[in-house]
Amino acid sequence: MTEQYQIPNQTLTIEEDIKHSRFITVLFHCSSELELKCALTDMRLEYPGANHYCYAFVASDPQNSIAIGSSDDGEPAGSAGRPMLATLQGSNIGEIGAIVVRYFGGTKLGVGGLVRAYSSGIKSGLTELETKTKYIRYSTKLSCSYPQLNQIEYLVNQFDGVISNKVFTDVIEIEFEIAKAFHDDFNRELATQTQGQLKAKFNV
């Protein structure tokens, strides 16, 4: 399983004029099909009256072949969405979406020309796109005393973890997630902070 991969750290827009047609390519972080559809709605409002709003997305890690999708939006089959998706998949970047808006300029490009045109902005944008590393986090639970809570919260934060739940009874039950790369170091620090009283067992 992929333990870490790159994801977009910005939204990037590239505009090109190709044989009198205007192509506007937007690359953005996209972790679900719903997120893609919301971005598509925004694009239709921002660029009204365009002839086509084609898209492609990879909503998980770069090797995922299930959480993907594309649309030609009225262009000849296979001339827009599919080459856009192939370009994204070749980038080794995950959780990425691309929407290309086309204002038709009167000159037909043919299928080969459309494939090149719809891929062009993405290829150009990928060379400029800022990315960051996403680590796959694994969950665990700990029971601690009230005086230990601040120490554990501090450690989870130090190792880029996320606390998902806390239950307060006579002790505190904490649920949190940390990337696999940090599990050993986290437990070493946890043992030091709690005099060896606590150890996290992650669901890997």
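Residues numbered from 1 in each chain as written. Predicted model: local features only at pLDDT ≥ 70, side-chain atom pairs only at ≥ 80, totals over all residues. Heavy atoms only, no water.

## A look at the pairing of strand 8 (residues 137-144)
Only one face of strand 8 is buried: it carries Y138, T140, L142 and C144, and the other face, with R137, S139, K141 and S143, is open. Where strand 8 meets strand 10 (residues 172-179), eight bridges bridge the pair, whose relative direction is antiparallel. Following the sheet pairing, S139 is matched in strand 10 by E177. (Buried < 20%, exposed > 50% of the residue type's maximum accessible area, 1.4 Å probe, protein only. Helix = DSSP H or I, 4+ residues; strand = E, 2+ residues; numbered from the N terminus. Pairing = 2+ DSSP bridges.)

## Some remarks on unusual backbone geometry
Phi is positive for H20, close to 75 degrees, though the residue is something other than glycine. Mapping H20 onto the fold places it in the loop between strand 2 (12-18) and strand 3 (21-29). Phi at E95 is positive, roughly 50 degrees, even though this residue is not glycine. With respect to the helices and strands, the residue E95 is situated in the loop between helix 2 (81-89) and strand 6 (96-103).

## Some details on the pattern of salt bridges
Overall, the coordinates contain seven salt bridges when judged by the stated rule. Between K37 and E33 there is a salt bridge, with the nearest N and O atoms lying 3.5 Å from each other. A residue pair is termed a helical-turn pair when its members lie 3 or 4 positions apart in one helix, as K37 and E33 do in helix 1 (residues 33-46) at four residues. What makes K37 partly exposed here is its relative accessible area of 35%. Among the ionic pairs, R188 bridges to D185, the shortest N-O distance being 2.3 Å. (Salt bridge = Lys/Arg side-chain N within 4 Å of Asp/Glu carboxyl O.)

## Looking at the sheet that holds strand 4 (residues 52-58)
On the basis of which strands lie adjacent, the open sheet formed by five strands has the order 2-3-6-4-5 and antiparallel pairing. If you trace the sheet from one side to the other, it starts and ends with strand 2 and strand 5 (68-71), each paired once. Ignoring which end each strand starts from, the neighbouring axes of this sheet average 15 degrees apart. Examined bridge by bridge, strand 2 and strand 3 share seven bridges and lie antiparallel to one another. Each residue of the ladder has a partner; that of L12, found in strand 3, is L27. The sheet contacts of helix 2 involve strand 3, strand 4, strand 5 and strand 6, and relative to strand 4 the element is tilted by about 35 degrees. (Axes fitted to C-alpha atoms, helices over the stretch in contact; angles between N-to-C directions. Contact = heavy atoms within 4.5 Å.)

## Concerning the sheet that holds strand 10
On the basis of which strands lie adjacent, the open sheet formed by three strands has the order 8-10-9 and antiparallel pairing. With partners counted over all chains shown, the strands left at the sheet margins are strand 8 and strand 9 (162-168), one partner each. Between one strand axis and the next, the sheet turns through 15 degrees on average, direction left out of account. As paired elements, strand 9 and strand 10 share six bridges and run antiparallel to each other. Bridge assignment links V167 to a residue of strand 10, and that residue is E173. Helix 4 (residues 149-158) contacts strand 8, strand 9 and strand 10 of the sheet and is inclined by roughly 165 degrees relative to strand 9. The sheet strands contacting helix 5 (residues 183-193) are strand 8 and strand 10, and the helix crosses strand 10 at an angle near 145 degrees.

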